[in-house]
Amino acid sequence: MELLKVDQIEKYYGNKSSLTKAIDDISFSVNQGEFVAIMGASGSGKTTLLNCISTIDHVTSGHIYLEGNDITKLKGKALNRFRREKLGFIFQDFNLLDTLTAYENISLALSIQGVHQSEIDQRIRKVAEQLGITEVLKKYPYQMSGGQKQRVASARAIITNPKLILADEPTGALDSKSSRMLLERFSYLNQEYKATIMMVTHDSFSASYASRVIFIRDGKIYHELVRGEDGRKEFFSKIIDVMTLLGGDVSDAV
Ligand SMILES: Nc1ncnc2c1ncn2[C@@H]1O[C@H](COP(=O)(O)OP(=O)(O)O)[C@@H](O)[C@H]1O
Ligand SMILES: [Mg+2]
């Protein structure tokens, strides 16, 4: 079943004197339960694409449909409800609230939804254990490493079991052990809860956990790979081949 449809979107930044075409006519669909990685060099438009889907940014033209509803048209309360109930985002710069502990940051969305405190506690303990952040739950963001903040931000995004998880370079600040933990948690959510995931990454290892990889260059779709029956390692080497053609930096991906 089709969950997301991106239909001929374009995004320009700036004005007449200095115009950047960040997205240049991109269309694709994502089915419920897919795990899609978006890859491309720095500046290719990955963050812009994700931000348009998450409604943080507005498209210049084109449409984006989630479950058939045009989300580029949402406003006010409907927009807030859509973000709160359907999406989980993991931002490139974490976006944790500095005056709240890790525990409070993670629990916020569930509290707003009116989930009972004992259930909140149980869910947080479980996700914290899976992401290896149990020891930092009482800490404030300034007391955590970049990798810990990233995992707290990830826990916050997935704790509500959202329909669509959007993650911008979620493993960018993580060491390889933490990256694996997070990617395995994504795979688990994808397989057990049929969560649909879109993950922006420039890292071929991270992308190899996905079921499909969309490569973008200069704001356009350049290529697409579907994992099919391939194991993760075979898929990884196919991704590396495309990245080499794309001229991306593959040295940090192995
Ligand atoms: N707020 C902005 N104002 C102007 N230009 C921007 C803005 N955000 C991104 N861009 C430009 O849009 C292009 C795509 O950026 P981005 O989506 O951040 O790429 P990526 O995430 O792939 O590195 C780049 O040329 C970038 O400089
Ligand atoms: Mg980016």
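Relevant structure appears above.
Residues numbered from 1 in each chain as written. Chains lettered and ligands numbered in written order. Predicted model: local features only at pLDDT ≥ 70, side-chain atom pairs only at ≥ 80, totals over all residues. Heavy atoms only, no water.

(A) How the structure looks around unusual backbone geometry. If you check the backbone angles, Q8 has positive phi at about 50° while not being a glycine. Judged by relative accessible area, which is 48%, Q8 ranks as partly exposed. At T55, a residue that is not glycine, the phi angle is positive and equals roughly 70°. For T55, the position within the fold is in the loop between α1 (46-53) and β4 (61-66). (Buried < 20%, exposed > 50% of the residue type's maximum accessible area, 1.4 Å probe, protein only. Helix = DSSP H or I, 4+ residues; strand = E, 2+ residues; numbered from the N terminus.)

(B) Fine view of the sheet that holds strand β1 (residues 2-15). Ordered by their spatial adjacency, 4 strands build an open sheet running β2-β1-β4-β5, and the pairing between neighbours is antiparallel. Only two strands of the sheet have a single partner each, and these edge strands are β2 (18-31) and β5 (69-70). Bridge count for β1 against β4 is 5 bridges, and the pairing is antiparallel. Bridge pairing in β4 places E10 opposite S61. (Pairing = 2+ DSSP bridges.)

(C) Examining the site of ligand 1 more closely. Surrounding ligand 1, one finds Y13, T20, A22, A41, S42, G43, S44, G45, K46, T47 and T48. Here an oxygen atom of ligand 1 sits 2.7 Å away from a polar atom, N or O, in the main chain of G43. T48 places a side-chain nitrogen or oxygen 2.5 Å from an oxygen atom of ligand 1. Relative to its unbound accessible area of 560 Å², ligand 1 is 57% covered by the protein chains. Contributing elements (two or more residues each) for the shell around ligand 1: β2 and α1. Here the element with the most residues in the shell around ligand 1 is α1; it accounts for 3 residues. (Near = heavy atom within 4 Å. Polar contact = N/O pair within 3.5 Å; in protein donor to acceptor, adjacent residues only side chain to side chain. Areas by Shrake-Rupley, 256 points an atom, 1.4 Å probe, with all protein chains shown as cover.)

(D) Looking closely at the sheet that holds strand β3 (residues 35-39). In spatial order, the strands read β6-β7-β8-β3-β9-β10; together these 6 strands make up an open sheet with mixed pairing. The sheet terminates laterally at β6 (87-90) and β10 (220-226), the two strands that pair on one side only. Strand after strand, the sheet turns through a mean of 15° between neighbouring axes, direction not considered. Bridging between strand β7 (residues 164-168) and strand β8 (residues 196-200) involves 5 bridges; their strand directions are parallel. In the sheet register, D168 faces β8, and the bridge partner there is V200. Seen against the sheet, α1 touches β3, β7, β8 and β9 (212-217) and runs at an angle of roughly 150° to β7. (Axes fitted to C-alpha atoms, helices over the stretch in contact; angles between N-to-C directions. Contact = heavy atoms within 4.5 Å.)

(E) Structural detail: the packing of aromatic side chains. Tallying each qualifying case throughout the model produces 5 aromatic pairs. With a centroid separation of 5.5 Å and an interplanar angle of 75°, the aromatic rings of F205 and Y209 are classed as edge-to-face. Here F205 falls in the buried class, since its relative accessible area comes to 13%. Their ring planes at 75° and their centres at 6.4 Å tell us that F205 and F236 sit as a pair that is edge-to-face. Taken as a pair, F205 in helix α7 (residues 204-207) and F236 in helix α8 (residues 232-246) lie far apart in primary sequence, 31 residues in all. One exposure class covers both F205 and F236, and it is buried. An aromatic cluster is present here, built from F205, Y209 and F236 joined pairwise through their rings. (Phe/Tyr/Trp six-rings, centres within 6.5 Å; stacked < 30°, edge-to-face > 60°.)

(F) Highlighting the nonpolar core. Counting residues in each nonpolar core, the largest one holds 50 residues, and the members touching the most others are F186, F215 and I239. Ranked by residues supplied to this core, first place goes to α8 with 7 residues. Setting aside chain neighbours within four positions, we find F215 in contact with M39, K220, I221, Y222, H223, E224, L225, I239, V242, M243 and L246. Residues I9, C52, F82 and I214 belong to the second largest nonpolar core, which totals 26 residues. (Core = buried A, V, L, I, M, F, W, Y, C linked by side-chain atoms within 4.5 Å.)

(G) Region of the structure containing the pairing of β4. Here β4 pairs with β5 via 2 bridges, running antiparallel. Residue pairing in the sheet places Y65 in a bridge with D70 of β5. Between the end of β4 and the start of β5, which pair antiparallel, lie 2 residues, with E67 showing a positive phi angle near 50°.

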